[in-house]
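A closer look at the structure
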Amino acid sequence: MRIRRLLGLALAAATLAGVSAVGAATAQAATYPAISSEQCTSQGGTVNEGGPYRGPTCTFPDGHKESIT
């Protein structure tokens, strides 16, 4: 009984560690690096100036946006 409980705990910890590692890798892959406005226009993007609470962004022809540094 005790061994079964320890094995269950170990399996739960390993599963949790695997899920958090996959989540971190997915979050890293989903973010785009910041670029300059010159790089934006040279790649066919449009520079959007932003607003009072957000900085400028670049909108690419495929629809995704990146922050401009």
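Note: the structure precedes this text.
These notes cover the structure that comes with them. (Residues numbered from 1 in each chain as written. Predicted model: local features only at pLDDT ≥ 70, side-chain atom pairs only at ≥ 80, totals over all residues. Heavy atoms only, no water.)

Focus: the overall build of the chain
The cut-off we apply is this: Under the scheme used here, helices are H or I runs from DSSP no shorter than 4 residues and strands are E runs no shorter than 2 residues, and both carry numbers assigned from the N terminus. The buried label goes to any residue with under 20% of its type's maximum accessible area, the exposed label to any with over 50%, and the partly exposed label to all in between, with areas taken from a 1.4 Å probe on protein chains only. Should any heavy atoms of two residues lie within 4.5 Å, those residues are counted as being in contact. Computed with a 1.4 Å probe, the accessible areas rest on the Shrake-Rupley method; for each residue, only the protein chains presented here act as cover.
Looking only at helices and strands, the chain has two helices and three strands in total. N-terminal to C-terminal, the α/β element order of the chain is α-α-β-β-β. Per-residue burial for the chain yields a buried fraction of 14% across its 69 residues. Long-range contacts, defined as pairs at least 24 residues apart, comprise 27% of the intrachain contacts of the chain with a sequence gap of at least 6. Split by element, the accessible area of the chain, about 5500 Å² in all, is 63% carbon and sulfur.

Considering the state of the cysteines
Our working rule: Defined by distance alone, a disulfide is two cysteine sulfur atoms within 2.5 Å.
Taken as a whole and assessed by the stated rule, the structure comprises one disulfide. Note on cysteine connectivity: cysteine 40 is disulfide-linked to cysteine 58, with sulfurs 1.9 Å apart. Across the disulfide from cysteine 40 to cysteine 58, rotation about the S-S bond amounts to roughly 80°, and the bridge is consequently right-handed. Linking cysteine 40 in helix α2 (residues 37–42) with cysteine 58 in strand β2 (residues 57–59), this pair joins segments that are 18 residues apart in sequence. For cysteine 58, a relative accessible area of 0% puts it in the buried group.

Topic: the nonpolar core
Filter applied, for reference: Among buried residues, those of type Ala, Val, Leu, Ile, Met, Phe, Trp, Tyr and Cys that are joined through side-chain atoms within 4.5 Å constitute a nonpolar core.
Listed in full, the five residues of the largest apolar core are Ile35, Cys40, Cys58, Phe60 and Ile68. Dropping the residues within four chain positions of it, isoleucine 68 is found in contact with Ile35, Ser36, Ser37, Val47, Pro56, Thr57 and Cys58.

Let's talk about the sheet that holds strand β1 (residues 46–48)
Applicable threshold: Here a strand pair is declared whenever DSSP counts at least two bridges between the two strands. Axis definition: a line fit to C-alpha positions, over the contact stretch in the case of helices; interaxial angles, taken between N-to-C directions, run 0 to 180 degrees.
Here three strands make up an open sheet; going across it, the order is β1-β2-β3 and the pairing antiparallel. Two strands bound the open sheet, and with one partner strand each, they are β1 and β3 (65–67). The sheet shows a mean angle of 30° between the axes of neighbouring strands, direction not considered. In terms of strand pairing, β2 meets β3 through three bridges, oriented antiparallel. Following the sheet pairing, cysteine 58 is matched in β3 by glutamate 66.

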